[in-house]
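Chain by chain, the residues:
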Amino acid sequence: MELLVSILALGSTYALLAAGIVIIYKASRVVNFAHGELAIVGAYVFHSAAFLTGASLTGQSLLITIAISAAASALFGVIIYAALMRRLLGRPAIVAAMVTIGVALILKAAIVVIWESRSVGIALGRQPVITFESGGRVTWIDVATVVVCIAFFAALALFFQYTRLGRQFRGTAENPLLAAQRKVNINRILAVAWGMAVFSATLAGVLFGSRSILSPQSPIIGLSGLTAAMVGGLDSLRGAVFGGLLVAAATYITARLISPALSEAVPFLILLAVMCWRPWGLFGTVEELNRV
Amino acid sequence: MNAHVTSEAQLLNVRQLEVVYHDVATAVQGVSIEVAQSSIVAMIGPNGAGKSTTLRAISGFLPAEDVKVTDGTILFEGSSLRGLLPHQISRRGVVLVPEREKVFQTLTVQENLDFSLTYKARPRRDEVYAYFPPLAERRTQVTGYLSGGEKQMLAIGMALVCEPKLLLVDELSLGLAPRVTEEIMSILRTINGDLGIAMLVVEQNAAAALRIASFAYVLEGGRVVFKGEPERLLNHQDIREFYLGGSKEKARSYRELRQYARKRRWWG
Amino acid sequence: MLSNSPYLRTSYAETNRVFPEPYQRVLVGIIVISLICLPFVGGNYLLHLMNLALLAVIGAVGINLLTGFCGQVSLGHASFLAIGAFTTAILAQRFQMPFFVAIPASCCTGALVGFVVGLPALRFRGIYLAITTLAMHYAIIYVLTAYQSNVGPSATAGITVPAPAIAGFTLEGERAWFYVLLVAATTVVVFGINLSRTYIGRAWVAIRDRDIAAEASGINVTQYKLLAFMISAVLAALAGSLAAYFTSVVTVEEYTLELAIIYLAMIIVGGMGSIAGSILGAFFMTLLPFGIERIFEMLPWRLGTTAFGIQQAAIGIVIIGFLLFEPDGLIEMYRRVATYFERWPFRYRELQSIGGR
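None of these values were measured; they are calculated from a predicted model.

Asker: For the overall build of chain A, give the residues involved together with the corresponding values.
Answerer: On a plain count of helices and strands, chain A comes out with 12 helices and 2 strands. In chain A, the succession of α and β elements from N to C terminus is α-α-α-α-β-β-α-α-α-α-α-α-α-α. Compactness check: chain A gives a C-alpha radius of gyration of 19 Å against a globular reference of 19 Å for 292 residues, within 12% of the reference. In terms of its C-alpha atoms, chain A occupies a principal-axis envelope of roughly 60 × 45 × 35 Å. Pairs at least 24 residues apart make up 74% of the contacts formed inside chain A by residues separated by at least 6 positions.

Spelled out as structure tokens, the structure:
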């Protein structure tokens, strides 16, 4: 039972990371390699913001910390788009992906420079909800992770399917020029996409940091999120959920039962297997393969 | 209808347009076109004449594309369109129906029409379903699976929903059966009559275009080589020979056909 | 009769010259002579930097042939380097093989691994290929990590490699290594230039530009893509093998994803699709961290770990800067200046075929 909850919580984190990658991909066909770094930087920002409001993550100070982090991360996403990605419209998608690799390197260095490579944790919701006889426990943050993930995905699915902005997202992803010719300001769409993606990254990072330690090596989870997104299909939110859970389950079980070293390679082995069988992801659309 | 009384009163007034691709290839040079209020103007000509480029120049390029308008003025309702982004131009009322990639393949028909639908424009969308009955039957179908004719209807419908004052239609007959082309062309004429939307129609199918237009331009090699009312074009020797399938007098055998050798003189 | 004009070529031999203009030949001559004379004027520190740069050149030419000429984006270059280094280390240390066995053997394993990593390229392009090669990189690194923990004295000690020796003469010291690496790098560069000017190079460029059209034109895309991966892996294995001898110890921790990104940065900075660009990029990225360190030493205040952070960030800044503002790399900046003077008063040069420039 405790195993199941751990897998669900880890899977939710990976699914949230994958969601951020899928949002940017659905809007602009760009694969964001900096997503892990964005998540961890967001978590560090949350941690530092908590100090601004009194270092106790309860009640009102918690809400203020959340508000600051949410606003800062969304704004940062918009800035990344406006300053960098906007200039890459029309260039091949691989160029934009390489620019995100550059952003990842800069962010990783920023963690070292700004927070001096301290390993920190976010003390949020560590109180147990259920305690088992064997000594394991389910904490509030575990529950919160799963609930937040479900809520986020539900909101996102409704957004893409039923709102006008969501339709414009999907249209811009397919054909930016046609969208522009139909009165849609694609700069605004893509800026919103990036804002949403970085916000979800911070969300994932904070939830991750509440359950484990944050360190400059943490951004490696970004690759797990990326593999989860690819396994599920880069243009599929459903795939992000499934991929996140699959990768989390495989990683966790491998770490517990076989060896921790192999569990680091497991996401990539799953990815290779899926690439051999269904390269466009388990829930993705085939045409995507030819669009990059 | 004489479209040349006062140039200043024209809805669209393009003067001496020059468009250059990749800094080196001039696609359009010295092209001047006018479209009067609520009129249908045709642009005909062979492949690569610069017709689509002219339409794209009017409707705006994305900043990332390697093409520039290097000279000329484009005035719509008196104000310049040069340098504006495509979404700004379409918000002013100039809407392009592109030649390729004219609909969102992954969205349904309904979603395509609702793409940038404002509350105000809802009646227009219902009018689109009235003009194009096949679309009404396929509201929830994913557009990628529609036939070519239905996609073209949807593309025009999407453009209409943007409440345009000027519709730019790029090569609508490409890939369509002649009967479907006729059908859509006559619907365009009906729309022009009902809603008063001006249209600039680019066509390789000169005969079809000249049937609905009140004025026409002939482009070749990036330049306007002839212009006039359709009657004038239909009776012109060069137009007849090169765009309308030969003269009406006698049947010509291939031996007598020296189209490849005869230069176009553009007299008359 | 040789024509002096860049516009008039009077023989096929002239059109095929690698350096058609006299000033280019003079420039290359100056560079070669200065490099040969360098050990006599430079100290050990400078020679050490040059040795690192020359090692990087070999790897950079490899990835440029794969990504710059053939258009296959690969994030797995570090694993090729690691394979070469580990093969050499194992053969030299455990089996006491001499270098003239170990190095070719490393190249062979490199070719094999290159073939395997290149197989996904037959199905994917662009991002999907990049991520697949990334996955394979991690798989290979996992295998090597497992080997290192099980075999070495401790998990992180790595494998020590004895210095290469032949007939009693041992290769050690920066100056001796400099000449060896200079010869190796020059050979690889000449190989690269020649390869890019043959039908193989042209096939690669055709595949890069439009692989479906290339296939339709009769180019066996499968064969050439795999060949690109294999040759790139062979050169990387060579670089890794020489690096193993150079640094005398091989650890798997130094072959990170960052290393693969640094090699990618080398060709982005230098110029993709240009061997000369590989050289420029390799020197630039190798000397960049040292340059930053020097700058920080000149500043009045101490920065500690910040310097390291800035070095890391510099790689990202350089990648972004070049991709945004100079996507064709340093070699394009050189070409603009050279074209201006060579072709004045005209502004453009004719379309270039691949090779030599």
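Asker: Report on the overall build of chain C, specifying residues and quantitative values.
Answerer: Across its full length, chain C holds 13 helices and 4 strands. Relative to the globule expectation of 21 Å for 357 residues, the C-alpha radius of gyration of chain C, 21 Å, shows essentially globular dimensions. Taking the principal axes of the C-alpha coordinates as reference, chain C spans close to 65 × 55 × 50 Å. Relative to its 357 residues, chain C shows a buried fraction of 44%. In chain C, of all internal contacts separated by at least 6 residues, the share reaching a separation of at least 24 is 76%.

Asker: Let's hear about the interface of chain A and chain C: which residues, and what values?
Answerer: Residue-level contacts link 34 residues of chain A with 34 residues of chain C. Looking at the side of chain A that touches chain C, the elements with two or more residues in it are helix H4 (93–114) and helix H11 (260–277) of chain A. Top contributing element to the side of chain A that touches chain C by residue count: H4 of chain A, with 16 residues.

Asker: Mind laying out helix H2 (residues 22–41) of chain C, listing which residues take part and the relevant values?
Answerer: All names here are of chain C. Helix length check: H2 (20 residues) gives 28 Å between terminal C-alpha atoms against 28 Å at 1.5 Å per residue, within 8%. Along H2, the sharpest kink reaches roughly 35°, centred on Leu35 and followed within four residues by the proline Pro39. When you tally the buried positions in H2, you get 0 out of 20 residues, a small fraction of the element.

Asker: Could you give an account of the pairing of strand S10 (residues 223–228) of chain B, with specific residues and numbers?
Answerer: Residue and element names in this part refer to chain B. Pairing analysis gives 5 bridges linking strand S9 (residues 215–220) to S10, with the strands arranged antiparallel. What sits directly across from Ala216, in S10, is Gly228. A loop of 2 residues connects S9 with S10, the two strands running antiparallel in sequence, and Gly221 in this loop sits at a positive phi of about 55°.

Asker: Residue-level account of the sheet that holds strand S5 (residues 79–80) of chain B, with values.
Answerer: Residue and element names in this part refer to chain B. A sheet is described by the order of its strands in space; here 4 strands give the open sequence S2-S1-S4-S5, paired in antiparallel fashion. Edge positions in the open sheet fall to strand S2 (25–35) and S5, since each of these has one partner strand only. Relative to strand S4 (residues 67–76), strand S1 (residues 12–21) runs antiparallel, the two being bridged by 8 bridges. Bridging across to S4, Glu18 finds its partner in Asp71.

Asker: Outline the interface of chain B and chain A, listing residues and values.
Answerer: Every contact between the two is made by 24 residues of chain B and, on the other side, 19 residues of chain A. Mapped by element, the contributors of at least two residues to the side of chain B that touches chain A are helix H2 (86–92) and strand S6 (94–97) of chain B.

Asker: Can you tell me about helix H13 (residues 330–343) of chain C, naming the residues and giving the values?
Answerer: Residue and element names in this part refer to chain C. For H13, which comprises 14 residues, the first-to-last C-alpha distance of 20 Å matches the rise-based estimate of 20 Å (1.5 Å per residue) to within 8%. Among the residues of H13, Leu330, Ile331 and Arg335 are the ones counted as buried. Taken down its axis, H13 places every buried residue within 130° of arc, on the same side. Facing away from the buried side of H13 by over 90 degrees, the exposed positions are Arg336, Val337 and Tyr340.

Asker: Go over the pairing of S6 of chain B with me, naming the residues and quoting the values.
Answerer: Residue and element names in this part refer to chain B. On S6, burial covers both faces: Val94 and Leu96 on one face and Val95 and Val97 on the other are all buried. In this sheet, strand S7 (residues 166–170) lies alongside S6 in parallel orientation, the contact comprising 4 bridges. Residue pairing in the sheet places Val94 in a bridge with Leu166 of S7.

Asker: Describe unusual backbone geometry, listing the residues and the values that go with them.
Answerer: The omega angle of the peptide bond from Trp344 of chain C to Pro345 of chain C is 10°, so this bond is cis rather than trans. Unusually for a residue other than glycine, Glu163 of chain B sits at a positive phi of about 50°. Examined against the element boundaries, Glu163 of chain B turns out to sit in the loop between helix H6 (148–161) and S7. For Glu163 of chain B, a count of 18 C-beta atoms within 10 Å corresponds to the partly exposed category. The residue Glu171 of chain B is not glycine, and still its phi comes out positive at about 50°. Its location among the elements puts Glu171 of chain B in the loop between S7 and helix H7 (178–195).

Asker: I'd like a rundown of the environment of Ile94 of chain A, residues and numbers included.
Answerer: Tracing the backbone shows Ile94 of chain A in helix H4. Along the sequence, Ile94 of chain A and Val45 of chain A sit 49 residues apart, while their C-alpha atoms lie 29 Å from each other. The contact partners of Ile94 of chain A, leaving out residues within four places of it in the chain, are Val73, Gly126, Ile127 and Ala130 of chain C.

Asker: Outline the arrangement of the chains, listing residues and values.
Answerer: The pair of protein chains exhibiting the most contacts, out of 2 pairs of chains in contact, is chains A and C. There is a clear gap between chain B and chain C: no contact, and 10 Å between their nearest C-alpha atoms.

Asker: Please give an account of the sheet that holds S7 of chain B that cites residues and values.
Answerer: All names here are of chain B. A sheet is described by the order of its strands in space; here 6 strands give the open sequence S6-S7-S8-S3-S9-S10, paired in mixed fashion. Two strands bound the open sheet, and with one partner strand each, they are S6 and S10. The average angle at which neighbouring strand axes cross in this sheet is 20°, direction not considered. Those strands touched by helix H1 (residues 51–59) are strand S3 (40–44), S6, S7, strand S8 (198–203) and S9, and its axis lies near 145° from that of S7.

Asker: Lay out the environment of Asn51 of chain C in plain terms, naming residues and giving numbers.
Answerer: All names here are of chain C. Secondary-structure assignment places Asn51 in helix H3 (residues 44–69). Sequence separation between Asn51 and Ala243 is 192 residues; the distance between their C-alpha atoms is 9.5 Å. Those residues in contact with Asn51 that sit more than four places away from it in its chain are Glu174, Trp177, Phe178, Leu181 and Phe246.

Asker: Can you explain the packing of helix H1 (residues 2–28) of chain A against helix H5 (residues 140–162) of chain A? Please cite residues and give values.
Answerer: Residues and elements named next belong to chain A. Remark: H1 packs on H5, axes separated minimally by 9 Å, with the N-to-C direction vectors making an angle of 35°. Crossing angle aside, the handedness with which H1 passes H5 is left-handed. On the side of H1, the interface is formed by Val5, Leu8, Ala9, Ser12, Thr13, Ala15, Leu16 and Ala19, while H5 contributes Asp142, Thr145, Val146, Cys149, Phe152, Phe153 and Leu156. Looking at the contact of H1 with H5 residue by residue, the class counts come to 11 nonpolar, 3 polar and 1 charged.

Asker: Give a detailed account of the confidence of the model for chain A, specifying residues and quantitative values.
Answerer: Chain-level pLDDT for chain A is 87 on average; 93% of the residues reach the 70-or-more range. Mean pLDDT values over the elements of chain A span from 66, in helix H12 (residues 288–291) of chain A, up to 92, in helix H8 (residues 186–211) of chain A.

Asker: Residue-level account of the nonpolar core, with values.
Answerer: One finds Leu168 of chain B together with Ala265 of chain C to be the most contacted residues of the largest nonpolar core, which totals 285 residues. The biggest single contributor to this core is helix H9 (residues 221–247) of chain C, with 18 residues. Excluding residues within four positions of it along the chain, Ala265 of chain C makes contact with Met285, Ile315, Val318 and Ile319 of chain C.

Thresholds, definitions, all that
Residues numbered from 1 in each chain as written. Chains lettered and ligands numbered in written order. Predicted model: local features only at pLDDT ≥ 70, side-chain atom pairs only at ≥ 80, totals over all residues. Helix = DSSP H or I, 4+ residues; strand = E, 2+ residues; numbered from the N terminus. Rg over C-alpha atoms; globule rule 2.2 N^0.38 Å. Contact = placed C-beta atoms within 7 Å. Buried ≥ 20, exposed ≤ 12 C-beta atoms within 10 Å, placed from the backbone. Expected span 1.5 Å × (residues − 1). Bend = angle between axes of the 7 residues up to and from the residue. Pairing = 2+ DSSP bridges. Arc of directions from axis to C-beta. Axes fitted to C-alpha atoms, helices over the stretch in contact; angles between N-to-C directions. Left-handed = near helix turned anticlockwise from the far one by under 90°. Nonpolar A, V, L, I, M, F, W, Y, C, P; charged D, E, K, R; others polar. pLDDT = per-residue confidence, 0-100. Core = buried A, V, L, I, M, F, W, Y, C linked by C-beta atoms within 7 Å.

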